[in-house]
Amino acid sequence: MRAVAIGLTPLTREEVVAVARDGAPVELTPEALKAVTEARAHIDALAASERPVYGVSTGFGALAVKYIPGERRAALQRSLVRSHAAGAGPEVEREVVRALTLLRLRTLTTGHTGVRPATVRAMADLLNAGIAPVVHEYGSLGCSGDLAPLSSIALALTGEGEVRDAQGRLRPAAEALADAGLEPVELGEKEGLALINGTDGMLGMLVLALADLRRLLDTADLTAAMSVESLLGTDRVFADDLQQLRPHPGQAESARRMRRFLADSEIVASHRGPDCTRVQDAYSLRCAPQVHGAARDTMAHAETVADRELAAVVDNPVVLADGRVESNGNFHGAPLAYVLDFLAIAIADVASMAERRTDRLLDVARSHGLPPFLADDPGVDSGHMIAHYTQASVVAELKRLAVPASVDSIPTSAMQEDHVSMGWAAARKLRRAVDGLTTVLAVEFLTAARALDLRAPLAPAPATAAALAELRHHVPGPGPDRHLAPELAEAGELIRSGIALRAAETCGEES
């Protein structure tokens, strides 16, 4: 796999996903190592001075007023990392740990943190060896960055704590490093602080969520189109000239996609004539582009914030080009925390609308000729009744996850850190929300597909038919009740992998 270069230019979101999720290796550029070397020279000069400098020759947080003599500074850095690696709860996912490590590495290579080249190389080697330090769910308040999670990374670099090796085995860090041919790092002045003072966990989880959410919103357009089609809804409300009257770009994009998915549908054409007495479709059908589009526009804003943060240098203090070492507040997670919360709100609303469409498909009074609950023998069979219950329970959970974390703050560090972002908590619940939306769309996909089969002999649109065909490779069509949980899992995997979506998009482009 092609290596991702870590240098003076920002990483892209795609590069973060490649390293974090796909295991791409990293390589340090000569320009980055030169910048690191030059910045370290400034730190070495300050370390030799008798003037106290925060992070170099003082304590931290509320203890920043205490001067530390030279012979105690290695112990200072070691103690900082040990004491701050105070997380608790279950392990976070491997991809999150790799994103966390990568993004901290990128900041270290900018030449504004003052670490040594050997420390930067050690972190790159950790990634390339496939070693993932154990990082716990709880411990970060999102200010001063993700302290406890990043401290777990730093602790592993020094040969302490626990890690997962490339095979996923839980091992002592010293043992895993030795087996990979890596030496533990002995931290010098400022290095402990530089390794742990960043927004990298929040940012990494935002980037990973954005990659998933783009696919999920595209899929929501597809499952909504399938529901519109199987409920005998109209596609005229998605016309381009209607969207231009309200020029939100996300709305226009979702409407365009739904038009393409519904193009050349025999089912839609079957009720276009003057004998159709329906005037308007329900909001969950008619307004899908407006809701999906608003989520798209929210995502676009979040992508802008993520790209800005990918270009940022987050550390405190920072080393400036003229050699000054200055304290700052750039570690505060508010910019990320807000969009992480915004996305959870958008996800809950998209999921809620999908649930309403599913409910209509199962209600004989509103499904326009479909059997109750799409059951083969209603009364004997329950069809998709309880699949909808599952979907509704997930939607309820998504509404709870939409409650913002960023409005909370608990002062810490003897009131030195008296306002925090809670961005890590916002990111953790966003990951659960992304998984929840996948399940909700899987239920709609499975249900709308069954309804389209029941509209035979009328044929669905080529695009929706292609998605249906992909599902039928894994899940049989309508029939007597059977174990539904495995079918929901299959539908979810088709959504997660993007296979059904790609099939529909390919046919939609051809039609």
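Scoring rules and cut-offs
Residues numbered from 1 in each chain as written. Predicted model: local features only at pLDDT ≥ 70, side-chain atom pairs only at ≥ 80, totals over all residues. Heavy atoms only, no water. Helix = DSSP H or I, 4+ residues; strand = E, 2+ residues; numbered from the N terminus. Contact = heavy atoms within 4.5 Å. Areas by Shrake-Rupley, 256 points an atom, 1.4 Å probe, with all protein chains shown as cover. Lys, Arg positive; Asp, Glu negative; His and termini not counted. Charge placed at Lys NZ, Arg CZ, Asp CG, Glu CD. Expected span 1.5 Å × (residues − 1). Buried < 20%, exposed > 50% of the residue type's maximum accessible area, 1.4 Å probe, protein only. Arc of directions from axis to C-beta. Phe/Tyr/Trp six-rings, centres within 6.5 Å; stacked < 30°, edge-to-face > 60°. Lys NZ or Arg CZ within 6 Å of the ring centre and 35° of its normal. Core = buried A, V, L, I, M, F, W, Y, C linked by side-chain atoms within 4.5 Å. Axes fitted to C-alpha atoms, helices over the stretch in contact; angles between N-to-C directions. Parallel < 35°, antiparallel > 145°, perpendicular 65-115°, else oblique. Left-handed = near helix turned anticlockwise from the far one by under 90°. Nonpolar A, V, L, I, M, F, W, Y, C, P; charged D, E, K, R; others polar. Salt bridge = Lys/Arg side-chain N within 4 Å of Asp/Glu carboxyl O. Pairing = 2+ DSSP bridges. 1 Å grid on protein atoms, 1.4 Å probe; cavity = no way out; pocket = protein on both sides within 12 Å on 5 of 7 lines; lining within 4 Å. Points joined across faces, edges and corners; volume = space filled by probe spheres on them. Polar contact = N/O pair within 3.5 Å; in protein donor to acceptor, adjacent residues only side chain to side chain.

Caption draft 1: Spatial organisation of the overall build of the chain. Looking only at helices and strands, one finds 20 helices and nine strands in the chain. Here the C-alpha coordinates of the chain stretch approximately 90 × 50 × 40 Å along the principal axes. Pairs at least 24 residues apart make up 78% of the contacts formed inside the chain by residues separated by at least 6 positions. Here the chain displays about 20700 Å² of accessible surface, and carbon together with sulfur accounts for 55% of that area. Looking at the chain, you have 51 positive and 67 negative side-chain charges, and the mean spots of the two groups are 2 Å apart.

Caption draft 2: A look at helix H2 (residues 30-48). For H2, built from 19 residues, the straight-helix expectation of 27 Å at 1.5 Å per residue is met to within 8% by its first-to-last C-alpha distance of 27 Å. Every buried residue of H2 is accounted for by Ala32, Leu33, Ala35, Val36, Ala39, Arg40, Ile43, Leu46 and Ala47. Projected down its long axis, H2 shows its buried positions confined to an angular sector of 155 degrees, all on one face. Opposite the buried face of H2, by more than 90 degrees, sit the exposed residues Pro30, Lys34 and Ala48.

Caption draft 3: Expanded view of the packing of aromatic side chains. Under the defined criterion, the tally for this structure stands at zero aromatic pairs. Lying over the aromatic face of Phe261, Arg260 brings its terminal NZ or CZ to 5.8 Å of the ring centre.

Caption draft 4: Representation of the nonpolar core within the structure. One finds Leu206, Leu398, Leu430 and Phe445 to be the most contacted residues of the largest nonpolar core, which totals 143 residues. Those residues within four positions of Leu206 in sequence are excluded, and the remaining contacts are Ala302, Ala306, Leu336, Val339, Leu340 and Leu343. By size, the runner-up hydrophobic cluster in this structure holds eight residues, among which are Ala39, Leu46, Val319 and Val325.

Caption draft 5: View of the packing of helix H15 (residues 334-362) against helix H17 (residues 423-454). For the pair H15 and H17, interaxial distance at closest approach is 9 Å and the crossing angle is 20 degrees. As summarised for this structure, H15 and H17 are arranged roughly parallel, according to the angle between their axes. The two elements H15 and H17 meet at a crossing, and its hand is left-handed. Here the residues of the contact of H15 with H17 are counted per class, giving 21 nonpolar, three polar and four charged.

Caption draft 6: Broad picture of the pattern of salt bridges. Summed over all chains, the structure comprises 42 salt bridges. One salt bridge connects Arg116 with Glu191, and the closest N-O pair in it is separated by 2.8 Å. Of the two residues, Arg116 is situated in the loop between helix H4 (94-108) and helix H5 (117-128) and Glu191 in helix H8 (residues 191-196); the sequence distance between them amounts to 75 residues. The exposure class of Arg116 is partly exposed, given its relative accessible area of 26%. Since its relative accessible area comes to 0%, Glu191 is described here as buried. Linked through salt bridges whose partners overlap, the residues forming this network are Arg21, Glu93, Glu95, Glu137, Asp212, Arg215, Arg428, Arg431 and Arg432.

Caption draft 7: The arrangement of helix H3 (residues 73-84) in detail. Counted at 1.5 Å a residue, the expected span for H3 with its 12 residues is 16 Å, and the 16 Å between its end C-alpha atoms agrees. Among the residues making up H3, those that are buried are Arg73, Ala75, Leu76, Gln77, Leu80 and Val81. Tucked into the core, H3 has its buried residues touching H2, helix H6 (147-157) and H8.

Caption draft 8: Structural detail: the sheet that holds strand S4 (residues 132-133). Taking strand neighbours across the sheet as the criterion, the three strands line up as S4-S6-S7 in an open arrangement whose pairing is antiparallel. Edge positions in the open sheet fall to S4 and strand S7 (170-172), since each of these has one partner strand only.

Caption draft 9: View of empty space enclosed by the protein. Inspection of every chain in the model, using the stated rule, returns four cavities of 30 Å³ or more. For the largest cavity, the calculated volume is near 70 Å³. Lining the largest cavity, in full, are Leu103, Arg106, Thr107, Thr199, Asp200, Leu203, Glu309, Leu310, Ala312 and Val314. Within the residue set of the lining of the largest cavity, elements represented by two or more residues are H4, helix H9 (200-230) and helix H14 (288-310). Per element, the largest residue contribution to the lining of the largest cavity is three residues, and it comes from H4. Classifying every residue of the lining of the largest cavity by side-chain character gives five nonpolar, two polar and three charged. Of the pockets and cavities examined, the second largest cavity occupies roughly 50 Å³. In terms of lining residues, the second largest cavity is bounded by His384, Leu446, Arg450, Arg472, Val475, Pro476, Gly477, Pro478, Arg482 and Glu487. Split into classes, the residues belonging to the lining of the second largest cavity amount to four nonpolar, two polar and four charged.

Caption draft 10: Examining the side chain of Thr438 more closely. Its location among the elements puts Thr438 in helix H17. For Thr438, a relative accessible area of 3% puts it in the buried group. Of the polar contacts made by the side chain of Thr438, one reaches the backbone oxygen of Val434; its length is 3.0 Å. For Thr438, the residues in contact, after removing those within four places along its chain, are Leu216, Gly492, Ile495 and Arg496.

Caption draft 11: Seen up close, the packing of H15 against helix H16 (residues 385-401). Here H15 crosses H16 at 160 degrees, and the two axes come no closer than 9 Å. What the angle tells us is that H15 and H16 run roughly antiparallel. H16 is crossed by H15, and the crossing has left-handed handedness. Contact residues: H15 offers Ala344, Ile347, Ala348, Ala351, Ser352, Ala354, Glu355, Arg356, Thr358, Asp359 and Leu362, while H16 offers His388, Gln391, Ala392, Val395, Leu398, Lys399 and Leu401. Residues belonging to the contact of H15 with H16 are distributed by class as follows: 10 nonpolar, four polar and four charged.

Caption draft 12: Representation of unusual backbone geometry within the structure. Each neighbour pair has its own omega, and for Asn316 with Pro317 the value is 0 degrees, a cis peptide bond. Mapping Pro317 onto the fold places it in the loop between H14 and strand S8 (318-319). In this structure, the amide linkage connecting Ala456 to the following residue, Pro457, adopts the cis form with an omega of 15 degrees. Counting through the fold element by element, Pro457 comes out in the loop between H17 and helix H18 (462-472). Even without being a glycine, Lys190 presents a positive backbone phi close to 70 degrees. Note on placement: Lys190 falls in the loop between helix H7 (173-179) and H8. By relative accessible area, Lys190 is classed as buried at 0%. With phi around 65 degrees, Asp264 is a residue other than glycine that occupies positive phi space. In this structure Asp264 comes out as exposed when scored by relative accessible area, which is 60%.

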